Amino acid sequence: MKPDFRFLAASALLAVSAAAPATAQDAVAPELELRRIMRELNAGMQTVVDGISREDWALVAATAPKIANHREPEPAEKMKILAFIGAEIGEFKGRDEESHQAALAMEKAAQKRDGLAVVSSFGEVQKACLACHQTYRERFLAHFYSKH
Ligand code: HEC
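Residues numbered from 1 in each chain as written. Predicted model: local features only at pLDDT ≥ 70, side-chain atom pairs only at ≥ 80, totals over all residues. Heavy atoms only, no water.

K.L.:
Describe the coordination of the iron atom of the ligand, with residues and values.
P.N.:
For the iron atom of the ligand, the full set of protein donor atoms is Met38 (SD) and His133 (NE2), and the range of their distances to it is 2.0 to 2.2 Å. Relative to the metal, the six donor atoms surrounding the iron atom of the ligand lie at angles of 86 to 179°, and the coordination shape comes out octahedral. Taken as a pair, Met38 in helix H3 (residues 33–54) and His133 in helix H7 (residues 115–145) lie far apart in primary sequence, 95 residues in all. On the accessibility criterion, Met38 (31% relative accessible area) is partly exposed. (Donors = N, O, S within 2.8 Å, 3.2 Å for Na, K, Ca; no water. Tetrahedral: all angles 85-135°; square planar, octahedral: opposite > 155°, others 65-115°. Helix = DSSP H or I, 4+ residues; strand = E, 2+ residues; numbered from the N terminus. Buried < 20%, exposed > 50% of the residue type's maximum accessible area, 1.4 Å probe, protein only.)

K.L.:
Explain the confidence of the model for the chain residue by residue, including any values.
P.N.:
Taken over all residues, the pLDDT of the chain has a mean of 87, while the share at 70 or more is 80%. In the predicted structure, residues 7–20 sits below a pLDDT of 50 and forms zero contacts with residues beyond four places in sequence or in another chain. (pLDDT = per-residue confidence, 0-100. Contact = heavy atoms within 4.5 Å.)

K.L.:
Tell me about the packing of aromatic side chains, residues and numbers included.
P.N.:
Within a pair of aromatic rings, the relevant descriptors are the distance that separates the centres and the angle that separates the planes. The full count for this structure, using the stated rule, is six aromatic pairs. Where Phe92 meets Phe140, the ring centres are 5.7 Å apart and the plane angle is 10°; that geometry is what we call stacked. Of this pair, Phe92 sits in helix H6 (residues 89–111) while Phe140 sits in helix H7, and the two are 48 residues apart along the sequence. For Phe92, a relative accessible area of 16% translates into the label buried. Residue class for Phe140 comes out buried when judged on its relative accessible area of 6%. Geometrically, the ring pair formed by Phe140 and Phe144 is tilted, given 5.4 Å between the ring centres and 45° between the ring planes. (Phe/Tyr/Trp six-rings, centres within 6.5 Å; stacked < 30°, edge-to-face > 60°.)

K.L.:
Can you lay out the pattern of salt bridges for me, pointing to particular residues and giving the numbers?
P.N.:
Tallying each qualifying case throughout the model produces 11 salt bridges. With a shortest N-O distance of 2.6 Å, Arg36 and Glu33 are connected by a salt bridge. In this pair, Arg36 and Glu33 both sit in helix H3, three residues apart, roughly one turn of the helix. According to the relative accessible area criterion, Arg36 is partly exposed, its value standing at 38%. Glu88 is the salt-bridge partner of Arg139, the closest N and O atoms lying 2.7 Å from each other. Of this pair, Arg139 sits in helix H7 while Glu88 sits in the loop between helix H5 (75–85) and H6, and the two are 51 residues apart along the sequence. Salt bridges sharing common partners tie together Glu33, Arg36, Glu40 and Arg71. (Salt bridge = Lys/Arg side-chain N within 4 Å of Asp/Glu carboxyl O.)

K.L.:
Any chance you could break down the environment of Ala102 for me, citing the residues and the numbers?
P.N.:
Structurally, Ala102 can be placed in helix H6. For Ala102, the residues in contact, after removing those within four places along its chain, are Ser121, Glu124 and Val125.

K.L.:
Can you break down the packing of H5 against H7 residue by residue, with the values?
P.N.:
In the contact formed by H5 and H7, the axes pass within 12 Å of each other and the chain directions differ by 110°. Relative to H7, the element H5 lies roughly perpendicular. Across the interface between the two elements, Lys80, Ile81, Phe84 and Ile85 from H5 touch Tyr136, Arg139, Phe140, His143 and Phe144 from H7. Among the residues forming the contact of H5 with H7, the class breakdown is six nonpolar, one polar and two charged. (Axes fitted to C-alpha atoms, helices over the stretch in contact; angles between N-to-C directions. Parallel < 35°, antiparallel > 145°, perpendicular 65-115°, else oblique. Nonpolar A, V, L, I, M, F, W, Y, C, P; charged D, E, K, R; others polar.)

The following block contains the structure:
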């Protein structure tokens, strides 16, 4: 019987990725603080989804400002990002501002316990997240982590 090379290649790949701990890759390309901030934003959005499902408007109202006023990377990292995106910094900040405004609208809607308005502003927040990701994420990955 012929050996199944595709299978062998696949299991070799699996073995390599299983053997390489995440930290080994981090040593090559340390994660940006921005990425950790993004994960915090994501966790906030998940909490909001949970709040919407339970009609827990107090939870949504408490979480939305954390999304709106997320922390920023340290100055040194900000400089690296600025050096990379250069003249587009205005657009980048504009995208961030859009998500900020949408999250504030979501907070207001939750304070009014207006479920439909919460859901629609949640969509606006997601649109703002997506717009920035579509424009910048791949370029950040390529530049800061050498991923193409
Ligand atoms: C101003 C631009 C911008 C906005 C707005 C933005 N992001 Fe991001 N996001 C990025 C960039 C750039 C990356 C890639 C960063 C990296 O991998 O280091 C990213 C990556 C992520 C990731 C992947 C993190 C990982 O583990 O690899 C998540 C999740 C994420 N963003 C969530 C969000 C959410 C949720 C919002 C909206 C509430 C949001 N982002 C808004 C620019 C933005």
